Amino acid sequence: MTDDPVALRSRFLCWYFGGVMARRLQRGFHAMRLARPGWPVLPPGRPVIVYLNHPSWWDPALLIVMGTTRFRGRPGFGPIDGGMLRRYRFMRRIGLFGLEPGRAGAVTFLRTAEHILADPRAMLWITAEGAFTDPRRRPVTLRPGIAHLVRRMPSAVVVPLAVEYPFWDERTPEALLRFGEPMDAACFADLPVPEIAADLEGRLEAVMDQLALDAQSRDPARFLTLMEGTVGIGGVYDLWRRARAWAGGQAFSAAHNDGQRPMPQREVKRQ
């Protein structure tokens with residue numbers, strides 16, 4: 001296969017860019033949080049397809065950090081716009097492969113994805129809406145390629161993932177995630193593609209609705225904190241808050257809520 005993503009993928013470069021993206025997330029976000037109950041339980045020895053909504057260009061950074069930490073035992077891959085990949089060819093080395101428009105591009109996507117998922121350890125991450133879409137937009141509509149792929153890969157486990165980036169109390173946003181229940185792709189094998197697509201869309205929409213309620217609660221206790229990032233407002237305002245804390249003999253906290261909310265539980269387990 002020309003430009004085989006399996007052969008081109010470098011474990012070292014994936015690890016390196018995972019670290020780079022983790023630092024960027026820490027600078028750009030107050031925290032990265034996973035809604036309870038937390039991580040999906042994935043059966044060993046079977047490939048995994050994770051399909052998610054696509055609210056922001058931050059999505060790939062989020063995915064590569066998860067792929068190189070929590071799921072580092074599974075080689076991770078994902079499709080990206082073909083023009084973007086031609087512009088940044090190094091991305092081929094971190095498991096990304098090009099998507100082209102039209103029927104020929106769709107056929108290439110399916111062949112490439114099947115080739116990747118022939119490895120029972122593989123994990124394929126797909127922003128299945130295909131374009132940036134507000135996480136509150138309903139109904140959720142996915143590109144048809146995901147349904148065709150699920151039908152053709154009965155050995156795979158399929159997992160919906162909802163993502164959004166709301167602002168809470170800090171000057172930087174939260175990166176919030178929620179996984180849905182894993183599904184056996186074999187359950188879809190005898191269904192027509194439109195029915196598979198409708199089922200996948202409905203399941204993702206339900207997970208997105210649950211995450212929306214979590215986000216609106218502004219309650220860190222509903223999440224596992226995967227990563228802590230930027231806190232405080234900065235500038236003169238934080239200098240004044242620091243001086244006020246010092247004058248009162250109190251420890252200074254840069255967090256805008258000043259410790260008024262319960263501390264969230266940090267995630268420490270990795271698989």
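For the structure, see preceding data.
Nothing here was measured: the structure is a model prediction, and the numbers come from that model.

Enquirer: A description of the pairing of strand E5 (residues 123-127) should follow, citing residues and the corresponding values.
Expert: In terms of residue burial, E5 counts as a mostly covered element, since five of its five residues are buried. Note: strand E3 (residues 76-81) against E5, two bridges, orientation parallel. Each residue of the ladder has a partner; that of phenylalanine 77, found in E5, is leucine 124.

Enquirer: Got a sec to walk through the nonpolar core? Specific residues and values, please.
Expert: The biggest cluster of nonpolar side chains holds 38 residues, and the ones touching the most others in it are Tyr51, Ile146, Leu149, Val150 and Leu200. If you list the elements that add at least two residues to this core, you get strand E2 (48-52), helix H5 (102-117), E5, helix H6 (145-152), strand E6 (157-164) and helix H7 (193-217). If you tally residues by element for this core, the top one is H7, at eight residues. Residues in contact with tyrosine 51, not counting those within four places in the same chain, are Ile126, Ala128, Leu142, Ile146, Val158, Val159, Pro160, Leu161, Met183, Leu200, Arg203 and Leu204. Counting 37 residues, the second-largest nonpolar core is a separate cluster that includes Met32, Trp39, Ile80 and Met91.

Enquirer: Please give an account of H6 that cites residues and values.
Expert: Of the positions making up H6, those classed as buried are Ile146, Ala147, Leu149 and Val150. In an axial view of H6, the angular spread of the buried residues amounts to 160°, which keeps them on one side of the axis.

Enquirer: Give a description of the pattern of salt bridges that names residues and reports values.
Expert: Opposite charge on two side chains lets them pair, provided their charged atoms get close. Scanning all chains against the criterion turns up twelve salt bridges. Where arginine 121 meets aspartate 119, a salt bridge forms, and the shortest distance between an N and an O atom there is 2.9 Å. On the basis of relative accessibility, which here comes to 48%, the residue arginine 121 falls in the partly exposed class. Note on aspartate 119: relative accessible area 24%, which makes it partly exposed.

Enquirer: Which residues make up the packing of helix H2 (residues 11-28) against helix H3 (residues 59-68), and what values do they have?
Expert: Viewed as axis vectors pointing N to C, H2 and H3 meet at an angle of 125°, and their least axial separation amounts to 8 Å. As judged from the angle between their axes, H2 and H3 are oblique. Crossing handedness for the pair H2 and H3: left-handed. Together, Cys14, Trp15, Phe17, Gly18, Met21, Ala22 and Leu25 of H2 and Ala61, Leu62, Ile64, Val65 and Thr68 of H3 make up the contact between the two elements. Taken together, the residues that form the contact of H2 with H3 break down as ten nonpolar, two polar and no charged.

Enquirer: How would you explain the pairing of strand E7 (residues 174-179) if you had to name every residue and give the values?
Expert: For E7, the buried fraction is high: six of the six residues fall into the buried class. Burial along E7 is two-sided: Glu174, Leu176 and Arg178 facing one way and Ala175, Leu177 and Phe179 facing the other are all buried. One ladder, built from four bridges, connects strand E1 (residues 31-35) with E7; its direction is parallel. Following the sheet pairing, methionine 32 is matched in E7 by alanine 175. Here E6 pairs with E7 via four bridges, running antiparallel. Note that in E7 the partner of glutamate 164 across the bridge is leucine 176.

Parameters at a glance
- Residues numbered from 1 in each chain as written.
- Predicted model: local features only at pLDDT ≥ 70, side-chain atom pairs only at ≥ 80, totals over all residues.
- Heavy atoms only, no water.
- Buried < 20%, exposed > 50% of the residue type's maximum accessible area, 1.4 Å probe, protein only.
- Helix = DSSP H or I, 4+ residues; strand = E, 2+ residues; numbered from the N terminus.
- Pairing = 2+ DSSP bridges.
- Core = buried A, V, L, I, M, F, W, Y, C linked by side-chain atoms within 4.5 Å.
- Contact = heavy atoms within 4.5 Å.
- Arc of directions from axis to C-beta.
- Salt bridge = Lys/Arg side-chain N within 4 Å of Asp/Glu carboxyl O.
- Axes fitted to C-alpha atoms, helices over the stretch in contact; angles between N-to-C directions.
- Parallel < 35°, antiparallel > 145°, perpendicular 65-115°, else oblique.
- Left-handed = near helix turned anticlockwise from the far one by under 90°.
- Nonpolar A, V, L, I, M, F, W, Y, C, P; charged D, E, K, R; others polar.

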